[in-house]
Every structure is written in C-alpha cells, then in structure tokens.
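Understanding the architecture of this molecule
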Amino acid sequence: MKANTLIMSALIIVSLLMSGCGTIRSHRNFEQPMGYVLTTGIGGTVFRLNKTGDLPNAFGGRDIWGGKIDKGFAEMKLADIKGTVLILEIMEVNKHSSETVMDRYKPFQNRNAAVNVDVDNTITIGNQEQPKPYIVKFDTTKQRDIVIGGVRVTFSEVQPYSVQYSLSNVQP
C-alpha cells in the first residue's frame, strides 16, 4: 500500500515538473529599433537580426532556467550608393546545435571530474564554406522596400553617402 502511494506521488511530481516545461520557441533579437526613421552611411549596418532558441531539456521542452542556444543571424550592410541604386551586402547564417540542458549544466557529473562535452553544431551559409555576403543592387526608383530574413527595410531617402530607412518585422 505504501509502495503504491510512493509511486503515485512520484508520478504526480514528475507530471508537474514536465508540465512546467513549455514548448521550445525561437527568438528574434534586433540590434536596431523597429518603426523609427534610421540613418546609415556607406559601410554601415542597415540591420542585424540575432536568432536564438530555447535550450531543450531532457524531456523535449524548454529549459526552465531560460537557457538559450545561438541559431545564427541575418545582416544587411550598405556597401555603396550609385545614384539611386544601393549596393547591399546581405549575410544570413543559420546554426543548429544538438546541445541540451544535460550538456550545459551536467547535473549528474562529479564536480571534480574533467569536463567532457559532446555537442554537434551545424552552420549553414548558403552553398559556401566561408561566410560571404550576397551582393544585391537595389534600385530605389523601382522599389522602396526589400524583405530579408523576415525584416522589411523601407528606404525613404537616398543621399550621395547615406540613406534614411525604417525597419519592420514581418515574421512573428
């Protein structure tokens, strides 16, 4: 009778712990503010989007301590201006990691033992081995906005050495 009560209590505790772990989410963190008029010059960054995801726990849910893993970034730079044509350098890097809370926190590891990390990381940069930006020639007389990595860039003014623009997030 006591064994059944003990097993039932353990199952309830495990169920509560597992229900407290939500599903894994992706996060998009912008280095530039959305919805404001921004200015950059030749060589400047138009936007940078850092992508992260929740660190998975042993049960497939997200880490209850809020751990995150790097999932890459998307970035647009203004390389040059030729009249109304903008030369844009676009880089998008996607990363995948097999890291879990068990890899990061090592809950069952002896504190005096040597650290042993066994994590796989995959980085995708288009079809190239080294990061190399895509070059886009963007004519602002034909179109005012461009969407890269779920970010809409709307150019409002083009000067000989700088541009004014605004950013909006088109992905949830």
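This report concerns the structure included in the present document. (Residues numbered from 1 in each chain as written. Predicted model: local features only at pLDDT ≥ 70, side-chain atom pairs only at ≥ 80, totals over all residues. Heavy atoms only, no water.)

1. Overview of the packing of aromatic side chains
Aromatic rings considered in pairs are described by the distance between their centres and by the relative angle of their planes. All chains considered together, the criterion is met by 2 aromatic pairs. Here F138 and F155 contribute two aromatic rings whose centre-to-centre distance is 5.7 Å and whose plane-to-plane angle is 45°, an arrangement assigned as tilted. Residue F138 is found in strand β7 (residues 134–139), and its partner F155 is found in strand β9 (residues 151–158); the two are separated by 17 residues along the sequence. For the pair shown, F138 and F155 are each scored as buried. (Phe/Tyr/Trp six-rings, centres within 6.5 Å; stacked < 30°, edge-to-face > 60°. Helix = DSSP H or I, 4+ residues; strand = E, 2+ residues; numbered from the N terminus. Buried < 20%, exposed > 50% of the residue type's maximum accessible area, 1.4 Å probe, protein only.)

2. With respect to the side chain of E75
Looking at the secondary structure, you find E75 in strand β4 (residues 68–82). Residue E75 is classed as buried on the basis of its relative accessible area, which comes to 15%. For E75, the side chain forms a polar contact with the side chain of R48, separated by 3.3 Å. Those residues in contact with E75 that lie beyond four places of it in its chain are T45, F47, R48, E89, I90 and M91. (Polar contact = N/O pair within 3.5 Å; in protein donor to acceptor, adjacent residues only side chain to side chain. Contact = heavy atoms within 4.5 Å.)

3. Some points on the sheet that holds strand β2 (residues 38–41)
Strand order in this open sheet of 4 strands is β2-β10-β9-β8, and the pairing throughout is antiparallel. Two strands in the sheet have a free side with no partner beyond their single neighbour: β2 and β8 (145–148). Averaged over neighbouring strand pairs, the angle between their axes works out to 35° when direction is ignored. (Pairing = 2+ DSSP bridges. Axes fitted to C-alpha atoms, helices over the stretch in contact; angles between N-to-C directions.)

4. Focus on the pattern of salt bridges
Under the criterion given, the structure shown has 8 salt bridges. In this structure, E75 engages R48 in a salt bridge whose closest nitrogen and oxygen atoms are separated by 3.3 Å. Of this pair, E75 sits in strand β4 while R48 sits in strand β3 (residues 45–54), and the two are 27 residues apart along the sequence. Between R152 and D145 there is a salt bridge; the shortest N-O distance is 2.8 Å. When its relative accessible area of 22% is taken as the criterion, D145 is described as partly exposed. (Salt bridge = Lys/Arg side-chain N within 4 Å of Asp/Glu carboxyl O.)

5. Observations regarding the environment of E92
Along the chain, the position of E92 falls in strand β5 (residues 85–97). Sequence separation between E92 and L49 is 43 residues, and the spatial gap between their C-alpha atoms is 9.3 Å. One polar contact links E92 to K51, side chain to side chain, over a distance of 3.4 Å.

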